[in-house]
Amino acid sequence: PAPAAVQPLRQFKLDPQSELRVEVLPDATLRVRLVSGTAEIFGTELPPEGWLTIPPRSKIAIFTWHGATVELDGVSESEYTSDETPMVIYVNTHAILDARRARARAAQGGDLEASQGPRVIVVGPTDSGKSTLCKMLLSWAAKLGWKPTYVDLDIGQGSITIPGCISATPIEKPIDIVDGIPLEMPLAYFYGHPNPSINPDVYKALMRELAQTLETQFSGNAESRAAGMVINTMGWVEGLGYELLLNAIEIFKANVVLVLGQEKLWKMLKDAVQSKPNIDVVKLHKSEGVVLRNSKYRQKTRSFRIKEYFYGIANDLAPHSNVVNFSDVSVFRIGSGHQAPRSALPIGAEPVADPTRLVAVNISTDMVHTVLAVSYAKEPDEIISSNVAGFIHVTDVDIQRRS
Ligand code: ATP
């Protein structure tokens, strides 16, 4: 690409309830500074002093409730201000959730149902701003002292650990503008692919495991129980994608469904949960600021997220290499992958693949450049129900040395 043109330092005076939308280039740094007033990026306030370096490729909105002047330094892909945002609706939603948390806290010690805070699930088509709304709801809640649990079911564009995982983590303070979701103690289950249709049974099984673990944690922790959950989902809302959303609502016992930007989905979900009086299905406007991303861009983002896992957002981590013998590791795949050919079966029998079957994998050079999850399982049959400790990147396989 051509070298980016130099852009001088520039100031923006933002009216109350307006935002400055900025897209950061992949290879140029952009810094933001609050000159006066107050402003926030997706629910997290800008510090009153000093420059913030926004990570490459970010697409952000600097929003102000009461008016602010901000300064940008560096080159951007685009920047413009808008006073048409759904922020008032979003913050009102937050206020309702906050009241529910307070009610749950007041009911502590009594009935379990009443002491459960809101379990919010955010749904909508791709690029409707789901992850962004989750961040805002979490950061606003954390600012008030709650410690809500963030659950990310988006295996394609998730924001916790690497793509291909479903995970959860407590949010104890507003999400850092630069570092993103805290990664100290995520609970991650590895699905291993960005597309749920490859093996929906495993996706569902992992959702159940994650939900079960959170349920156990909540039962021993009244504070997180009252703070509740904010659940982010995939942008696939038709067919199997829709079915998985219904599954997620049920498995995580969601009691607030926020539907972004699609009337039809809202209506369908509303009808589907009609018989359950304690689930509210709420329709919310999508922001015009949400940036559309095509599949190529998504693919790239996934690679960057894997890279970020190993090297850090600011390139400040140094992964180390290790040589292990074949005999020291066991590699497994869940799901048999392919079915037995018809010709190998007795006449009349239908080929069936057991989607959750554990298959031992022979280590071969096919494994070079794959990412494997390291399971906490003590025995192979515990793998599907175990969360993962981290990930390794296979850089080389030496068949001769068996290492
Ligand atoms: P998907 O389902 O595809 O993962 P999503 O619905 O979760 O997408 P987001 O990730 O929230 O969508 O938003 C898409 C992109 O738009 C993100 O890069 C986000 O930072 C950016 N974005 C969201 N809202 C705004 C805004 N108001 N101004 C500028 N950029 C925004």
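Just above sits the structure.
In this report, the structure presented in the accompanying data block is examined. This is a predicted model, so every value here is computed, not measured.

**Some thoughts on the overall build of the chain**
Scanning the chain from terminus to terminus reveals 7 helices and 20 strands. Expressed as a percentage of its 403 residues, the buried residues of the chain come to 43%. A separation of at least 24 residues holds for 71% of the contacts in the chain among residues at least 6 apart in sequence. When the accessible surface of the chain is totalled, it reaches about 21100 Å², and 52% of it is carbon and sulfur. The chain carries 40 positive and 45 negative side-chain charges, and their two centres are separated by 2 Å.

**Digging into the site of the ligand**
Near the ligand lie 22 residues; those nearest to it are Lys59, Lys130, Ser131, Thr132 and Arg298. In the model, a nitrogen atom of the ligand is placed 3.2 Å from a nitrogen or oxygen of the Gly289 main chain. The set of elements that each furnish at least two residues to the shell around the ligand consists of β2 (18-24), β7 (59-64) and α2 (130-143). Of the residues assigned to the shell around the ligand, the class counts are 5 nonpolar, 9 polar and 8 charged.

**A few points about the packing of helix α3 (residues 200-219) against helix α5 (residues 239-251)**
One can describe the packing of α3 onto α5 by two numbers: an axis separation of 10 Å at closest approach and a directional angle of 20°. The orientation of α3 relative to α5 falls into the category roughly parallel. Judged by the sense of rotation from one axis to the other, the crossing of α3 with α5 is right-handed. From α3, Pro200, Tyr203, Lys204, Met207, Arg208 and Ala211 reach across to α5, where they touch Leu240, Glu243, Leu244, Asn247, Ala248 and Ile251. Across the contact of α3 with α5, the residue classes break down as 8 nonpolar, 1 polar and 3 charged.

**A word on the sheet that holds strand β5 (residues 44-45)**
The 5 strands lie next to each other as β5-β4-β7-β2-β9, forming an open sheet whose pairing is antiparallel. Strand pairing shows two members of the sheet lacking a second neighbour, β5 and β9 (76-82), which therefore form its edges. One ladder, built from 6 bridges, connects β2 with β9; its direction is antiparallel. Each residue of the ladder has a partner; that of Val24, found in β9, is Ser76.

**Some points on empty space enclosed by the protein**
Overall, the coordinates contain 1 cavity of 30 Å³ or more when judged by the stated rule. Its boundaries defined by the atoms lining it, the largest cavity holds a volume of some 60 Å³. Along its surface, the largest cavity is lined by Leu153, Tyr203, Met207, Thr233, Met234, Trp236, Gly241, Leu244, Leu245 and Ala248. Counting residues per element, the ones that place at least two in the lining of the largest cavity are α3 and α5. Per-element accounting of the lining of the largest cavity gives the leading share, 4 residues, to α5.

**Side note on the packing of aromatic side chains**
Taken as a whole, this structure holds 6 aromatic pairs when the rule is applied. With 5.0 Å between their ring centres and 90° between their planes, Tyr309 and Phe310 make a pair best called edge-to-face. Overall, the relative accessible area of 27% leaves Tyr309 in the partly exposed class. Ring centres of Tyr309 and Phe391 lie 5.2 Å apart, and the angle between their planes is 85°; on these two criteria the pair is classed as edge-to-face. Residue Tyr309 is located in helix α7 (residues 295-311), and its partner Phe391 is located in strand β20 (residues 388-393); the two are separated by 82 residues in the primary sequence. Residue placement shows Lys283 over the ring face of Trp266; its charged tip is 4.2 Å from the ring centre.

Reading guide: rules and limits
Residues numbered from 1 in each chain as written. Predicted model: local features only at pLDDT ≥ 70, side-chain atom pairs only at ≥ 80, totals over all residues. Heavy atoms only, no water. Helix = DSSP H or I, 4+ residues; strand = E, 2+ residues; numbered from the N terminus. Buried < 20%, exposed > 50% of the residue type's maximum accessible area, 1.4 Å probe, protein only. Contact = heavy atoms within 4.5 Å. Areas by Shrake-Rupley, 256 points an atom, 1.4 Å probe, with all protein chains shown as cover. Lys, Arg positive; Asp, Glu negative; His and termini not counted. Charge placed at Lys NZ, Arg CZ, Asp CG, Glu CD. Near = heavy atom within 4 Å. Polar contact = N/O pair within 3.5 Å; in protein donor to acceptor, adjacent residues only side chain to side chain. Nonpolar A, V, L, I, M, F, W, Y, C, P; charged D, E, K, R; others polar. Axes fitted to C-alpha atoms, helices over the stretch in contact; angles between N-to-C directions. Parallel < 35°, antiparallel > 145°, perpendicular 65-115°, else oblique. Left-handed = near helix turned anticlockwise from the far one by under 90°. Pairing = 2+ DSSP bridges. 1 Å grid on protein atoms, 1.4 Å probe; cavity = no way out; pocket = protein on both sides within 12 Å on 5 of 7 lines; lining within 4 Å. Points joined across faces, edges and corners; volume = space filled by probe spheres on them. Phe/Tyr/Trp six-rings, centres within 6.5 Å; stacked < 30°, edge-to-face > 60°. Lys NZ or Arg CZ within 6 Å of the ring centre and 35° of its normal.

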